[in-house]
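Remarks on the overall topology
The residues making up each chain are set out below.
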Amino acid sequence: MTNLIIRYSETDSKARYVATVEGVAGEGELTISKVSPTLIIADHTAVPDSMRGMGIAKALVLRLLEDARGKGQRIVPLCPFVRGYAMRHRDETADVIQW
(Lines give C-alpha, C1' and ligand atoms only; values in the text may rest on other atoms or scores of the structure.)
Protein backbone atom coordinates (compact mmCIF):
# COMPACT_ATOMS: atom_id res chain seq x y z
CA MET A 1 0.00 0.00 0.00
CA THR A 2 1.43 3.33 -0.97
CA ASN A 3 1.30 6.52 1.05
CA LEU A 4 0.11 4.88 4.28
CA ILE A 5 1.10 6.95 7.28
CA ILE A 6 0.66 5.64 10.83
CA ARG A 7 1.09 8.10 13.69
CA TYR A 8 1.28 7.24 17.39
CA SER A 9 0.29 9.44 20.31
CA GLU A 10 0.00 8.69 24.00
CA THR A 11 -0.92 9.94 27.45
CA ASP A 12 -0.04 8.41 30.80
CA SER A 13 -2.80 5.79 30.57
CA LYS A 14 -3.87 5.61 26.90
CA ALA A 15 -2.36 5.52 23.43
CA ARG A 16 -3.66 5.74 19.87
CA TYR A 17 -2.42 4.75 16.44
CA VAL A 18 -3.92 6.73 13.56
CA ALA A 19 -3.61 5.66 9.93
CA THR A 20 -4.14 7.95 6.96
CA VAL A 21 -3.72 7.41 3.23
CA GLU A 22 -2.95 10.27 0.90
CA GLY A 23 -5.98 11.10 -1.23
CA VAL A 24 -8.39 9.02 0.88
CA ALA A 25 -10.86 10.64 3.29
CA GLY A 26 -10.93 9.59 6.92
CA GLU A 27 -8.56 7.86 9.27
CA GLY A 28 -8.29 4.42 10.82
CA GLU A 29 -7.48 4.05 14.47
CA LEU A 30 -6.38 1.51 17.05
CA THR A 31 -6.57 2.48 20.71
CA ILE A 32 -4.84 0.94 23.70
CA SER A 33 -4.93 1.28 27.48
CA LYS A 34 -1.73 1.05 29.47
CA VAL A 35 -1.99 -1.24 32.48
CA SER A 36 1.73 -1.13 33.33
CA PRO A 37 4.99 -0.45 31.48
CA THR A 38 4.95 -4.08 30.30
CA LEU A 39 1.20 -4.75 29.84
CA ILE A 40 -1.24 -3.01 27.49
CA ILE A 41 -4.80 -3.68 26.38
CA ALA A 42 -5.80 -3.34 22.72
CA ASP A 43 -9.24 -1.73 23.16
CA HIS A 44 -10.60 -0.77 19.78
CA THR A 45 -9.87 -0.75 16.06
CA ALA A 46 -11.97 1.20 13.57
CA VAL A 47 -11.64 1.99 9.88
CA PRO A 48 -14.09 4.25 8.00
CA ASP A 49 -15.94 2.97 4.94
CA SER A 50 -13.71 5.11 2.71
CA MET A 51 -10.72 2.97 3.75
CA ARG A 52 -12.30 -0.48 3.84
CA GLY A 53 -10.55 -3.23 1.92
CA MET A 54 -7.19 -1.44 1.96
CA GLY A 55 -5.58 -3.45 4.76
CA ILE A 56 -5.56 -0.49 7.13
CA ALA A 57 -6.70 -2.40 10.24
CA LYS A 58 -4.10 -5.11 9.62
CA ALA A 59 -1.38 -2.48 9.19
CA LEU A 60 -2.39 -0.93 12.52
CA VAL A 61 -2.21 -4.30 14.27
CA LEU A 62 1.18 -5.08 12.74
CA ARG A 63 2.51 -1.74 13.96
CA LEU A 64 1.10 -2.40 17.44
CA LEU A 65 2.81 -5.82 17.53
CA GLU A 66 6.10 -4.37 16.30
CA ASP A 67 6.05 -1.58 18.87
CA ALA A 68 5.10 -3.94 21.72
CA ARG A 69 8.00 -6.24 20.83
CA GLY A 70 10.38 -3.31 20.80
CA LYS A 71 9.18 -2.14 24.22
CA GLY A 72 9.05 -5.60 25.80
CA GLN A 73 5.28 -5.37 26.29
CA ARG A 74 2.50 -7.97 26.37
CA ILE A 75 -0.88 -7.23 24.75
CA VAL A 76 -4.29 -8.29 26.06
CA PRO A 77 -6.42 -8.37 22.86
CA LEU A 78 -9.87 -7.17 23.98
CA CYS A 79 -10.54 -5.56 20.61
CA PRO A 80 -12.30 -8.14 18.38
CA PHE A 81 -10.12 -7.32 15.36
CA VAL A 82 -6.83 -7.61 17.27
CA ARG A 83 -8.08 -10.78 18.97
CA GLY A 84 -9.07 -12.32 15.64
CA TYR A 85 -5.71 -11.47 14.09
CA ALA A 86 -3.85 -12.94 17.07
CA MET A 87 -5.94 -16.12 16.97
CA ARG A 88 -5.26 -16.62 13.25
CA HIS A 89 -1.54 -15.96 13.74
CA ARG A 90 -0.86 -17.61 17.11
CA ASP A 91 2.68 -18.68 16.27
CA GLU A 92 3.64 -15.21 15.06
CA THR A 93 2.08 -13.38 18.00
CA ALA A 94 2.77 -15.76 20.91
CA ASP A 95 5.67 -13.62 22.13
CA VAL A 96 3.48 -10.55 22.71
CA ILE A 97 -0.13 -11.69 23.13
CA GLN A 98 -1.37 -12.49 26.61
CA TRP A 99 -4.50 -14.67 26.60
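Before reading on, note that the structure itself is shown above.
Residues numbered from 1 in each chain as written. Predicted model: local features only at pLDDT ≥ 70, side-chain atom pairs only at ≥ 80, totals over all residues. Heavy atoms only, no water.

Check the secondary structure of the chain and you find three helices and five strands. At 13 Å, the chain has a C-alpha radius of gyration in line with the 13 Å of a compact globule built from 99 residues. When its C-alpha atoms are laid out on the principal axes, the chain stretches across 35 × 30 × 20 Å. Of all 99 residues assigned to the chain, the portion counted as buried reaches 40%. Residue pairs at least 24 apart in sequence account for 41% of intrachain contacts in the chain once pairs closer than 6 positions are excluded. Of the roughly 5,600 Å² of accessible surface on the chain, a fraction of 53% belongs to carbon and sulfur atoms. Side-chain charges of the chain comprise 13 positive and 12 negative groups, with the mean position of each set lying 4 Å from the other. (Helix = DSSP H or I, 4+ residues; strand = E, 2+ residues; numbered from the N terminus. Rg over C-alpha atoms; globule rule 2.2 N^0.38 Å. Buried < 20%, exposed > 50% of the residue type's maximum accessible area, 1.4 Å probe, protein only. Contact = heavy atoms within 4.5 Å. Areas by Shrake-Rupley, 256 points an atom, 1.4 Å probe, with all protein chains shown as cover. Lys, Arg positive; Asp, Glu negative; His and termini not counted. Charge placed at Lys NZ, Arg CZ, Asp CG, Glu CD.)

This next bit is on helix 2 (residues 80-88). Taken together, the buried positions of helix 2 are Val-82, Gly-84, Tyr-85 and Ala-86. Summarising the contacts, the buried residues of helix 2 are in contact with strand 3 (28-36), strand 4 (39-46), helix 1 (56-71), strand 5 (74-77) and helix 3 (90-93).

If you trace the backbone, Thr-93 turns up in helix 3. When near neighbours in sequence (up to four residues on either side) are disregarded, Thr-93 contacts Leu-65, Arg-69, Tyr-85 and Ala-86.

Moving on: the pattern of salt bridges. Within this structure, the stated rule accounts for six salt bridges. Close ionic contact of Arg-52 with Asp-49 constitutes a salt bridge, the shortest N to O distance being 3.1 Å. Salt-bridge contacts for Arg-69 lead to Asp-95; the nearest nitrogen and oxygen are separated by 2.7 Å. Of this pair, Arg-69 sits in helix 1 while Asp-95 sits in the segment after helix 3, and the two are 26 residues apart along the sequence. Judged by relative accessible area, which is 44%, Asp-95 ranks as partly exposed. (Salt bridge = Lys/Arg side-chain N within 4 Å of Asp/Glu carboxyl O.)

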